[in-house]
Amino acid sequence: MKKVVFFTDLAKLHEALGNFDIQSFKDKRVPVKLHMGEPKNKYFPKPDFVKHVIDELKKIKAKPFLFDTTVAYPGLRGRKSGYEKVAKLHGFTLDNVGCNVVIGNKGIPTKIEKREYQVAKQLAESTHIFAISHVKGHIAAGMGGAIKNFGMGGVTKKTKSMMHKGSRSIHKKELCTYCGVCSEVCPFDAITVSKNKWKQNIRACFGCGVCVDACEQKALWYKDADLQFVLACSAKACVKDKNVIYVNELKRIADSCDCDPSAASIICPDIGYLISDDPVAIDKASLDLINDVKKDIFIKTTTVNPMKQIKYGEEIGLGSTSYKLIKL
Ligand code: SF4
Ligand code: SF4
């Protein structure tokens with residue numbers, strides 16, 4: 001059966017939400033999962049839009065709070081107190097959005113496809129979750145949408161690191177032709193190739209898996225698993241058996257993630273908002289709408305095909321790529 005994805009503007013958000021099980025959110029403490037932006041990033045979801053969502057949840061007497069987790073890389077958002085400061089700096093205050101901000105750093109283990117993911121306690125302990133995902137390019141995943149919002153953003157630092165380290169590349173010398181393609185595509189300059197010599201600077205390697213995809217000789221493979229596969233699994237760990245409504249914001253579609261302070265250019269004009277209860281369907285619809293306007297823009301910008309995470313999501317039962325788009 002095709003999953004329904006509504007395509008609308010903010011004025012019709014209320015009408016769109018009425019098509020889902022929003023009434024069951026009544027009286028529940030609801031984490032509203034979103035990325036509140038790295039310092040100096042310009043494109044993260046804005047407080048006035050977020051307030052709109054919070055107002056809708058309050059109308060049905062839910063008890064929402066904004067929620068995100070600490071990150072695994074250095075910087076203010078690596079600590080709860082630092083991320084709280086960033087949230088305030090970016091306008092996510094009780095006065096501006098009408099609810100509190102909670103930053104999580106503790107996890108509850110959940111096993112998906114034989115790997116353990118530490119799901120943020122606040123998500124694991126909730127029965128109802130609301131997701132706001134700003135759709136944009138991503139250096140390692142091609143695109144960041146609903147799957148990425150939970151897959152990386154819904155888990156602890158330990159799990160984030162585990163996923164990145166596991167998607168570092170392993171070199172199979174016997175298959176290598178020393179063509180140098182992996183070195184050219186590595187976004188972190190972690191590979192050097194010279195005549196019959198392949199070298200990886202493990203400290204510089206971010207575990208994005210871009211080089212693995214680029215090697216036509218199959219001389220590179222993942223240390224553990226494709227980042228896009230574990231992202232889909234981790235997202236499933238976060239939302240499995242929960243009542244979740246997803247809003248994808250297709251605005252300020254930038255070349256890079258909201259965690260990138262130097263995300264520089266808008267690569268696709270604004271499109272609108274999508275609403276669904278299926279993270280795979282909403283990400284597939286987002287990608288299709290963006291491709292309609294700017295064909296393959298994420299692949300061209302990042303060299304990574306974001307369809308991988310969407311297909312993996314369907315394969316592991318996170319959701320469906322088959323959807324019906326309803327314009328309101
Ligand atoms: S792309 Fe593959 S074959 Fe070419 S240098 Fe890198 S590992 Fe070797
Ligand atoms: S996994 Fe990513 S960062 Fe690491 S060597 Fe490959 S392309 Fe570079």
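Because the structure is predicted, anything quoted here is derived from the model rather than measured. (Residues numbered from 1 in each chain as written. Chains lettered and ligands numbered in written order. Predicted model: local features only at pLDDT ≥ 70, side-chain atom pairs only at ≥ 80, totals over all residues. Heavy atoms only, no water.)

**Q** Please give an account of the overall build of the chain that cites residues and values.
**A** From N to C terminus, the chain includes 13 helices and 18 strands. Expected size for 328 residues packed as a compact globule is a radius of gyration near 20 Å; at 19 Å, the chain falls within 12% of this value. Each principal axis of the C-alpha distribution contributes one length, and for the chain these read about 65 × 40 × 40 Å. Within the chain, the fraction of its 328 residues that count as buried is 57%. Relative to all contacts within the chain whose residues are 6 or more apart in sequence, the contacts with residues 24 or more apart total 75%. When the accessible surface of the chain is totalled, it reaches about 14500 Å², and 51% of it is carbon and sulfur. Placing the 53 positive and 35 negative side-chain charges of the chain at their respective mean positions leaves the two points 5 Å apart. (Helix = DSSP H or I, 4+ residues; strand = E, 2+ residues; numbered from the N terminus. Rg over C-alpha atoms; globule rule 2.2 N^0.38 Å. Buried < 20%, exposed > 50% of the residue type's maximum accessible area, 1.4 Å probe, protein only. Contact = heavy atoms within 4.5 Å. Areas by Shrake-Rupley, 256 points an atom, 1.4 Å probe, with all protein chains shown as cover. Lys, Arg positive; Asp, Glu negative; His and termini not counted. Charge placed at Lys NZ, Arg CZ, Asp CG, Glu CD.)

**Q** Provide a residue-level description of the site of ligand 1, including the pertinent values.
**A** The environment of ligand 1 is formed by 13 residues, the closest being Cys176, Cys179, Gly180, Cys182 and Cys215. Along the lines of polarity and charge, the residues of the shell around ligand 1 split into 9 nonpolar, 4 polar and no charged. (Near = heavy atom within 4 Å. Nonpolar A, V, L, I, M, F, W, Y, C, P; charged D, E, K, R; others polar.)

**Q** Explain the side chain of Ser320 residue by residue, including any values.
**A** Positionally, Ser320 belongs in the loop between helix H13 (307-315) and strand S18 (323-327). In contact with Ser320, other than residues within four places in its own chain, are Lys3, Asp278, Val280, Ala281 and Glu314.

**Q** Give a detailed account of the site of ligand 2, specifying residues and quantitative values.
**A** Near ligand 2 lie 14 residues; those nearest to it are Cys186, Cys205, Cys208, Gly209 and Cys211. Residue composition of the shell around ligand 2, by class: 10 nonpolar, 4 polar and no charged.

**Q** Could you give me a rundown of the sheet that holds strand S14 (residues 243-250), with the residues and numbers involved?
**A** What links the strands of a sheet is backbone hydrogen bonding, and the strands pair in either a parallel or an antiparallel sense. Read from one edge to the other, the open sheet built from 8 strands follows the order S4-S3-S2-S7-S14-S17-S1-S18, with strand pairing classed as mixed. Of all strands in the sheet, those bounded by a partner on one side alone are strand S4 (101-104) and S18. Sheet twist, expressed as the mean angle between neighbouring strand axes with direction ignored, is 25°. Sheet topology note: the strand S1 (residues 3-8)/S18 ladder contains 5 bridges and is parallel. Note that in S18 the partner of Phe6 across the bridge is Ile326. The strands that helix H11 (residues 279-293) touches are S1, S14, strand S17 (272-276) and S18; relative to S14, the one it contacts most, it runs at about 10°. (Pairing = 2+ DSSP bridges. Axes fitted to C-alpha atoms, helices over the stretch in contact; angles between N-to-C directions.)

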